[in-house]
Amino acid sequence: MNTHINRAVSSAPAKVILFGEHFVVYNNPAIVAAINRRIRVSAQLNDMSRVNIKSGENSLCVPVNSNDSDILSHDNSSISLFPIFKCVKHVFEEKNLVNVGVNLEIESQIPHGEGLGSSAASCVSTVAALYSLFSDLDKNQIYETARLMEQNIHTNSSGVDCYVSTFGGIVNFEPEKGFSKIRPKKKFTLLIGTSGIKHSTGKVVSQVRQFRQKNSSFFDDLSAKAHLICKKAISSMNEGNESELGSLLTENHNLLSILGVSHPEIEKLIKICLDNGALGAKLTGAGKGGAVIALIPNDSSKEILAKISRGPGKWILVEFDYDGVIPV
Ligand code: PMV
């Protein structure tokens, strides 16, 4: 076995969709940013040919040669670690590892199931820690493998979550053109509020598909508006125009509400943001629960956070992350 170290630790950031969710499924752009909340994975080889994964309350301890159906017959807490198991299998097969296993410990600062990219960040961080056992980090290789593995969770994933978690930064994703980085002229501060209502991306995406089938020309109008919002958002970031960027967030949220993917709790959180000095706010991710993002002025971020935190939701101040996955 050609490992060059026995234990490696990596960390990868969460993400928020700033603009364009749902419309991106139908060939429109989306703008996605890595944020400074991370998942850290430590990988240590063992000589018992077992994969032992621990992540908060969840754990999975199985022989390395287990097949998919063995894992999927476990309880839900273990099944949630299936994509991580797939990452191990993939890297072990690629590296021809035999008679060896791995202990993985996953620590997360990212709430799960609220549209903040926790599954992508855990795949990216796991793959990075595993590859680090053999060689220095190669981000292109990490991205390609993590993207394949994340498809065990989101079958039709665009790969954008894994992309921003691997490379960091703010990315404009256009399904037919790929990824391009946006470099904003100034620092923007975001507030993220989680509703605690977990969503299933697959279910919400299929509700939108039905909406589109029933209202095809109306959906096209909404898509054209969403597309234009993304274009304007790139200019406002390039110019450092935070009040325009804030208004665009709210405009994008209104389109998502029309699509039917908001939720009364999300509407409540957005109103609280707008009533307390946010420059704009929207749901982020699939919707029907999950999280909201609000753009707030850099110089009054702490005061606004204090006011907003008195109401419902759990709130954190975040900044964009430009590092992506890193060795720790
Ligand atoms: O909630 P999330 O992070 O799974 O985001 C889903 C984004 C959608 O545009 C709704 C679906 C997709 O595959 O792009």
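For the structure, check the block above.
Notes on the structure in this doc start here. Worth saying up front: this structure is predicted, and the values here are computed from it rather than measured. (Residues numbered from 1 in each chain as written. Predicted model: local features only at pLDDT ≥ 70, side-chain atom pairs only at ≥ 80, totals over all residues. Heavy atoms only, no water.)

**Quick look at the environment of Pro327**
Move 1: Relative to the elements of secondary structure, Pro327 occurs in strand β12 (residues 326-327).
Move 2: Measuring from C-alpha to C-alpha, the distance between Pro327 and His199 comes to 31 Å, with 128 residues separating the pair along the chain. (Helix = DSSP H or I, 4+ residues; strand = E, 2+ residues; numbered from the N terminus.)

**Quick look at the packing of helix α7 (residues 201-214) against helix α8 (residues 216-239)**
Move 1: Across the interface, α7 lies against α8 with an axial gap of 5 Å and an inter-helix angle of 115 degrees. Contacts between α7 and α8 involve Val208, Phe211, Arg212, Gln213 and Lys214 on the former and, on the latter, Ser216, Phe218, Phe219 and Leu222. (Axes fitted to C-alpha atoms, helices over the stretch in contact; angles between N-to-C directions. Contact = heavy atoms within 4.5 Å.)

**Some remarks on the pairing of strand β10 (residues 291-296)**
Move 1: Within β10, six of the six residues are buried, which leaves the element mostly enclosed by the surrounding structure.
Move 2: Of the two faces of β10, both are covered, the one formed by Ala291, Ile293 and Leu295 as well as the one formed by Val292, Ala294 and Ile296.
Move 3: Looking at chain direction, strand β8 (residues 189-194) and β10 are connected through six bridges and run antiparallel. In the strand pairing of β10, Leu191 is matched with Ala294.
Move 4: The pairing of strand β9 (residues 280-284) with β10 spans five bridges and is antiparallel. Residue pairing for β10: Ala281 is matched across the bridge by Ala294.
Move 5: Connecting the antiparallel pair β9 and β10 is a turn made up of six residues, with Gly285 showing a positive phi of about 95 degrees. (Buried < 20%, exposed > 50% of the residue type's maximum accessible area, 1.4 Å probe, protein only. Pairing = 2+ DSSP bridges.)

**Concerning helix α5 (residues 139-150)**
Move 1: Compared with an ideal rise of 1.5 Å per residue, which puts 12 residues at 16 Å, α5 spans 16 Å between its outermost C-alpha atoms and is within 8% of the ideal.
Move 2: Of all the positions in α5, only Ile142, Tyr143, Thr145, Ala146, Met149 and Glu150 are classed as buried.
Move 3: Of the surrounding elements, those touching the buried residues of α5 are α3 (82-94), α4 (118-132), α6 (160-167) and β7 (178-182).
Move 4: Where α5 starts, the residue carrying a side-chain oxygen 3.0 Å from the main-chain nitrogen of Asn140 turns out to be Asp138. (Expected span 1.5 Å × (residues − 1). Polar contact = N/O pair within 3.5 Å; in protein donor to acceptor, adjacent residues only side chain to side chain.)

**Comments concerning the nonpolar core**
Move 1: Core analysis: the largest hydrophobic core is formed by 108 residues, its most contacted members being Leu18 and Phe19.
Move 2: The element that contributes the greatest number of residues to this core is strand β2 (residues 30-46), accounting for 10 residues.
Move 3: Non-local contacts of Leu18, meaning those with residues more than four positions away in its chain, are made with Ile31, Val32, Ala33, Ile170, Leu190, Met237, Leu249, Asn252, Lys282, Ile293 and Phe320. (Core = buried A, V, L, I, M, F, W, Y, C linked by side-chain atoms within 4.5 Å.)

**So, the environment of Ala121**
Move 1: Tracing the backbone shows Ala121 in helix α4.
Move 2: The exposure class assigned to Ala121 is buried, which follows from its relative accessible area of 0%.
Move 3: Put simply, Ala121 and Ile35 are 86 residues apart on the chain and 11 Å apart in space, counted from C-alpha to C-alpha.
Move 4: Excluding residues that lie within four positions of it along the chain, Ala121 makes contacts with Ala12, Pro13, Ala14, Ile39, Ile110 and Ser165.

**Some words on the state of the cysteines**
Move 1: Evaluated as defined, the whole model comprises zero disulfides.
Move 2: Free cysteine: Cys162, not disulfide-bonded; nearest cysteine sulfur from Cys123 at 5.9 Å.
Move 3: Judged by relative accessible area, Cys162 falls into the buried class, the value being 0%. (Disulfide = S-S within 2.5 Å.)

**Observations regarding helix α9 (residues 242-259)**
Move 1: Between its first and last C-alpha atoms α9 spans 26 Å; for 18 residues at 1.5 Å apiece the expected length is 26 Å, and the two agree.
Move 2: If you check which residues of α9 are buried, you get Glu242, Leu245, Gly246, Leu248, Leu249, Thr250, Asn252, His253, Leu255, Leu256 and Leu259.
Move 3: Next to the buried residues of α9 lie β1 (7-19), α7, α8, α10 (264-275), β9 and β10.

**Considerations on the packing of aromatic side chains**
Move 1: With the rule as written, the count across this model stands at nine aromatic pairs.
Move 2: A ring pair is formed by Phe211 and Phe218, whose centres lie 6.3 Å apart and whose planes are at 45 degrees; its orientation type is tilted.
Move 3: Taking the relative accessible area as the measure of exposure, Phe218 reaches 38% and is therefore partly exposed.
Move 4: Aromatic rings pair up to connect Tyr143, Tyr163, Phe167, Phe173 and Phe179 into one cluster. (Phe/Tyr/Trp six-rings, centres within 6.5 Å; stacked < 30°, edge-to-face > 60°.)

**Focus: the sheet that holds β10**
Move 1: Ordered by their spatial adjacency, four strands build an open sheet running β9-β10-β8-β11, and the pairing between neighbours is antiparallel. If you trace the sheet from one side to the other, it starts and ends with β9 and β11 (314-318), each paired once. Neighbour-to-neighbour, the strand axes of the sheet open up by a mean angle of 25 degrees, direction not taken into account.
Move 2: Against the sheet, α9 engages β9 and β10, with an angle of about 45 degrees to β9.
Move 3: In this fold α10 packs onto β8, β9, β10 and β11, with an angle of close to 155 degrees to the strand it touches most, β9.

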